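Now for the letters of each chain:
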Amino acid sequence: MSIHRGIYRLRPRSRFTRLQSTSSGPQPAQRPSRLVSVGVGAASFGLEILNTGAWSVSTPDAALGGVSRYYGSQVASNGPCEDRYIHGKFPSPSQTGGDNWLAWGIFDGHLGSQVAQALTQHLLPYVHESLARAFSQGSPVDDTTIHAAITRAFLSLDNAFLQHAEETIASPTLTFAQKIARLTTGSNGSCALLSLYDPSTHKLHVACTGDSRAVMGRLDPSTKTWTTVALSEDQGGSNPAEGARVAAEHPGEDVDTLVKNGRVLGLATARAFGDGHWKWPASVQADVKHRYLSDTMRPHSAELYKTPPYITAKPEVTTTVVDKGQPAFMILGSDGLWDVLTSEQAVGLVGRWVEWRKKGGRPAEAPQGRWAGFDWTVHEKDGWTLKSEKETIQDENAAVHLTRNALGGAHHDMVSGLLSLKPPYSRWCRDDITVQVVFFNC
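Residues numbered from 1 in each chain as written. Predicted model: local features only at pLDDT ≥ 70, side-chain atom pairs only at ≥ 80, totals over all residues. Heavy atoms only, no water.

Novice: Honestly, the overall build of the chain in this entry has me stumped. Any pointers?
Specialist: Secondary structure summary: the chain contains 13 helices and 16 strands in total. Within the chain, the proportion of its 442 residues that are buried is 56%. For the chain, the proportion of contacts with a sequence separation of at least 24, taken over those separated by at least 6, is 73%. Surface summary for the chain: the accessible area is close to 18,500 Å², and the carbon and sulfur share equals 52%. (Helix = DSSP H or I, 4+ residues; strand = E, 2+ residues; numbered from the N terminus. Buried < 20%, exposed > 50% of the residue type's maximum accessible area, 1.4 Å probe, protein only. Contact = heavy atoms within 4.5 Å. Areas by Shrake-Rupley, 256 points an atom, 1.4 Å probe, with all protein chains shown as cover.)

Written out as structure tokens, the structure reads:
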């Protein structure tokens, strides 16, 4: 498993030791941790992007707890793509050593890609350090302890992003251009979906901040059908639980105004890293507006912005046991996938892909049919959901298989038409789509 790095330096705490620069953003700091086998990337946009942004990894190592292989795919809509991802193995955080753990992550950026890029470099080391500290306490480490350690790491890293930005704003020595380059990890944002697998316990820990989603398919041995198991819950503004959380955290404020049309003060997700304009104190907002002529209160108003923060990077964490020997798979996807597929559809598609591969995987196994040519009205009429008669199986890569079906499946004109659109027009009809599919015992 290879590593591709782009390192950001974050203050106030230096958490890394080696330096490597990127094309944008703050510069210093990397902790050496032996987290050296994590792949990181963002695929480029192009007409052949269905396969250009794809990857696959075989894991014959029996010590990986039944993980046989996994696949990934990324199709950009923004220019450049705002999604990022990680995958690979890293040392067990347990003080007694043990098998390497596995990690998969998807980071869906918005208003830019800098926070998502920073997460590829910093989130797993922060989580690893927090877990190692929990394991070093001497007492047994249960799921609750692991959840708390992961949550601390998420919040600590987000605080570092925001504090770094606030220090940049107040710095008397940095030039204007330097400040603009360094402010990105506080001013734009990213959702985060991180899955950690401990092969020694066969436990899968999934942490979700935002509206990316993880779902598992399990083969029922009695019926030979794949059942759907939710591993995360979308934290968009349209989720009633998120509206209730915002109301509880801001008593006396009008929650119907704070959370409106599925958005929290205009932001589509209720939880995210960065996004200082929804977290900074009003005094910092005013300072930013004065120094940089920035309308920092948009899309919300100063009258509503009373008791920030209104969004949080705090994740919801779940733990699921992957039964030894039982066939299962996990799907991780940014919201671009879930805009057009339900969890049940995705599990069904991958389940049928598994059976297709067992039969030899003959290419282009697609239903025969004719559909109206691709145009905007047809696409809108389809309601952004895949119809069963358009499902197709023709890709060797399970993640590409899901992406193709999300874009129209066997409706070739729709798939090719959607892929032919370039930014900014492509965002009218599709989002960045990043998918990872991990197979256990199959």
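Following the structure, the description resumes.
Novice: Can you help me understand the environment of Asn100 in this one?
Specialist: The residue Asn100 is located in the loop between β4 (83–90) and β5 (101–110) in this model. Taking the relative accessible area as the measure of exposure, Asn100 reaches 33% and is therefore partly exposed. Here the alpha-carbon distance between Asn100 and Gly88, two residues 12 residues apart in the chain, equals 9.8 Å. Excluding residues that lie within four positions of it along the chain, Asn100 makes contacts with Leu64, Lys89, Phe90, Pro91, Ser92 and Pro199.

Novice: When you look at the sheet that holds strand β15 (residues 328–333) in this model, what are you seeing that I'm missing?
Specialist: Within a beta sheet, neighbouring strands are joined by backbone hydrogen bonds and run either parallel or antiparallel to one another. Pairing within the open sheet is antiparallel, and its 6 strands lie in the order β2-β3-β16-β15-β9-β10. The sheet is open, and its two borders are formed by β2 (54–58) and β10 (225–230), each paired with just one other strand. The average undirected angle you get between the axes of adjacent strands in this sheet is 15 degrees. As paired elements, β2 and strand β3 (residues 67–75) share 5 bridges and run antiparallel to each other. Paired with Trp55 across the bridge in β3 is Gly72. Where helix α12 (residues 398–406) meets the sheet, it contacts β2, β3, β15 and β16 (433–440), and its direction lies at approximately 135 degrees from that of β16. (Pairing = 2+ DSSP bridges. Axes fitted to C-alpha atoms, helices over the stretch in contact; angles between N-to-C directions.)

Novice: How should the pairing of β15 be read in this particular structure?
Specialist: Where a strand is regular, its side chains alternate between the two sheet faces. Counting buried residues along β15, 6 of its 6 residues qualify, which places the element largely inside the surrounding structure. With burial as the criterion, each face of β15 is covered, one bearing Ala328, Met330 and Leu332 and the other bearing Phe329, Ile331 and Gly333. Examined bridge by bridge, strand β9 (residues 213–220) and β15 share 6 bridges and lie antiparallel to one another. Directly across from Gly217, in β15, lies its bridge partner Phe329.

Novice: I keep staring at the pattern of salt bridges and nothing clicks. Help me out?
Specialist: Working definition: two side chains of opposite charge can pair if their charged atoms are close together. Counted under the stated rule, the structure contains 13 salt bridges. Of the charged contacts in the structure, one is a salt bridge between Arg245 and Glu242, with a shortest N-O distance of 2.9 Å. Of the two residues, Arg245 and Glu242 are both situated in helix α6 (residues 240–249); the distance of 3 residues between them amounts to about one turn of the helix. A single burial state applies to Arg245 and to Glu242, both of which are buried. Of the charged contacts in the structure, one is a salt bridge between Arg404 and Asp395, with a shortest N-O distance of 2.7 Å. Per residue, the accessibility class of Arg404 equals that of Asp395, and both read buried. (Salt bridge = Lys/Arg side-chain N within 4 Å of Asp/Glu carboxyl O.)

Novice: Would you mind going over the packing of helix α10 (residues 343–358) against α12 with me for this structure?
Specialist: The description of two helices packed together rests on the angle between their axes and the distance between the axes. At their nearest, the axes of α10 and α12 sit 10 Å apart, and the two run at 130 degrees to each other. The orientation of α10 with respect to α12, classified from their angle, is oblique. Seen from above, α10 lies across α12 with right-handed handedness. Taking contact as the criterion, the partners of Ala346, Leu349, Val350 and Trp353 in α10 are, on α12, Ala398, His401, Leu402 and Asn405. Each residue belonging to the contact of α10 with α12 can be placed in one class, and the counts come to 6 nonpolar, 2 polar and no charged. (Parallel < 35°, antiparallel > 145°, perpendicular 65-115°, else oblique. Left-handed = near helix turned anticlockwise from the far one by under 90°. Nonpolar A, V, L, I, M, F, W, Y, C, P; charged D, E, K, R; others polar.)

Novice: Looking at this model, I keep getting lost on the nonpolar core. Mind explaining?
Specialist: Nonpolar side chains in soluble globular proteins generally cluster together in the buried interior. Among the nonpolar cores identified, the biggest contains 38 residues, and Ile331, Leu337, Leu402 and Phe439 are the most heavily contacted of them. Top element by residues in this core is α10. It accounts for 7 residues. Not counting the four nearest positions on each side in its chain, Ile331 is found in contact with Arg213, Ala214, Val215, Leu337, Trp338, Ala346, Val347, Val350, Leu402, Val435 and Gln436. Residues Ala134, Ile146, Ala160 and Leu196 belong to the second largest nonpolar core, which totals 30 residues. (Core = buried A, V, L, I, M, F, W, Y, C linked by side-chain atoms within 4.5 Å.)

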